[in-house]
Amino acid sequence: MSEFTATDRTKARRHPERGTYDRDTIYSILDEAFVCHLGFIVDGAPFVVPTNYVRVGDKLFLHGSTASRLMRTLGSGAPFCLSVTLLDGIVLSPTATGHSVNYRSVVVMAKAEQLIDPQEKLAAMRDFVEYVIRGRWAEVRPPTEQELKATMVLSVPLVEASAKVRTGFAIDKGDEYAGAGWTGVIPFKWEAQTPVPDPRGNAELAIPANLLNYTRPQ
Ligand SMILES: Cc1cc2nc3c(=O)[nH]c(=O)nc-3n(C[C@H](O)[C@H](O)[C@H](O)COP(=O)(O)OP(=O)(O)OC[C@H]3O[C@@H](n4cnc5c(N)ncnc54)[C@H](O)[C@@H]3O)c2cc1C
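Residues numbered from 1 in each chain as written. Predicted model: local features only at pLDDT ≥ 70, side-chain atom pairs only at ≥ 80, totals over all residues.

**Thoughts on the sheet that holds strand β5 (residues 59-65)**
So, point 1. The sheet built from four strands is open, its strands ordered β4-β5-β9-β8 with antiparallel pairing. Two strands close off the open sheet at either side, each with one partner strand: β4 (54-56) and β8 (113-114).
So, point 2. In this sheet, strand β9 (residues 151-157) lies alongside β5 in antiparallel orientation, the contact comprising seven bridges. For Lys 59, the partnering residue across the bridge sits in β9 and is Pro 157.
So, point 3. Together, β4, β5 and β9 form the strand contacts of helix α3 (residues 118-132), whose direction differs from that of β5 by roughly 100°. (Pairing = 2+ DSSP bridges. Helix = DSSP H or I, 4+ residues; strand = E, 2+ residues; numbered from the N terminus. Contact = placed C-beta atoms within 7 Å. Axes fitted to C-alpha atoms, helices over the stretch in contact; angles between N-to-C directions.)

Structure below.
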């Protein structure tokens, strides 16, 4: 299906014109980022914790220490909310309240399942590495049995998801602009800087071109 079904929980009520359930839009936002925030409840208290994810088809993988509260809570099947934000610009308006930001964001409501099979876990770990840096898995030592045992991998089916996208200038009325300060948009771009070699690494190796020109899928 090319669209997620909007549910009572994912139906955008505030600025619904910015909401979308288009699968390609949602996946493109997820794929440009690889950091999410996970909201969950433990003993009645809400927590929002940042972490990495990888999207593989219609699911996400999360991973972490088997000792982490986050992983233990989500691994027990507790419901959670995952959100991803890409900041695209600061919007300057003639009015204090009219200022805004341009963004693309995704919210996913989900429950996770633990991967138990060591081969499935290993494949997901490979997906993690390759999602962040394509071609990297072949250049590093794979996880040991012990490292895999200490790592919990969660599979998150993408079933209930929404995106919201804001573009353009402030939405103030034209008559607000007379006598106001500068108005417009400061575009934002998330981009990699020049890689810094680890002094313990092989000094004879040049920085590979794919790392020098690191980009995310746009
Ligand atoms: C970087 C950034 C800055 C923002 N700054 C502000 C701000 O200062 N003030 C403000 O009021 N709002 C801001 N927003 C918008 C904010 O995310 C909410 O959309 C808005 O506050 C409405 O919240 P609500 O709970 O009333 O949404 P509702 O319309 O009740 O949300 C219903 C459902 O719509 C979906 N939804 C809502 N918001 C989003 C979203 N952003 N991305 C994907 N799905 C979504 C979710 O599934 C949610 O459960 C910002 C968003 C981003 C990404």
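**Considerations on the site of the ligand**
So, point 1. Looking at the ligand, there are 16 residues lining it, with Thr 10, Arg 13, Arg 14, Ser 105 and Lys 164 nearest.
So, point 2. Every element with two or more residues in the shell around the ligand is listed here: β6 (80-92), β7 (100-110) and β10 (160-166).
So, point 3. A per-class count over the shell around the ligand returns seven nonpolar, four polar and five charged. (Near = placed C-beta within 6 Å. Nonpolar A, V, L, I, M, F, W, Y, C, P; charged D, E, K, R; others polar.)

**Looking at unusual backbone geometry**
A negative phi holds for most residues other than glycine; trans holds for most peptide bonds.
So, point 1. One non-glycine residue with positive phi stands out, namely His 15, at about 45°.
So, point 2. Turning to its location among the elements, His 15 is positioned in the segment before β1 (19-20).
So, point 3. One non-glycine residue, Asp 43, lies in the positive phi region at around 50°.
So, point 4. Inspection of the secondary structure puts Asp 43 in the loop between β2 (35-42) and β3 (45-52).

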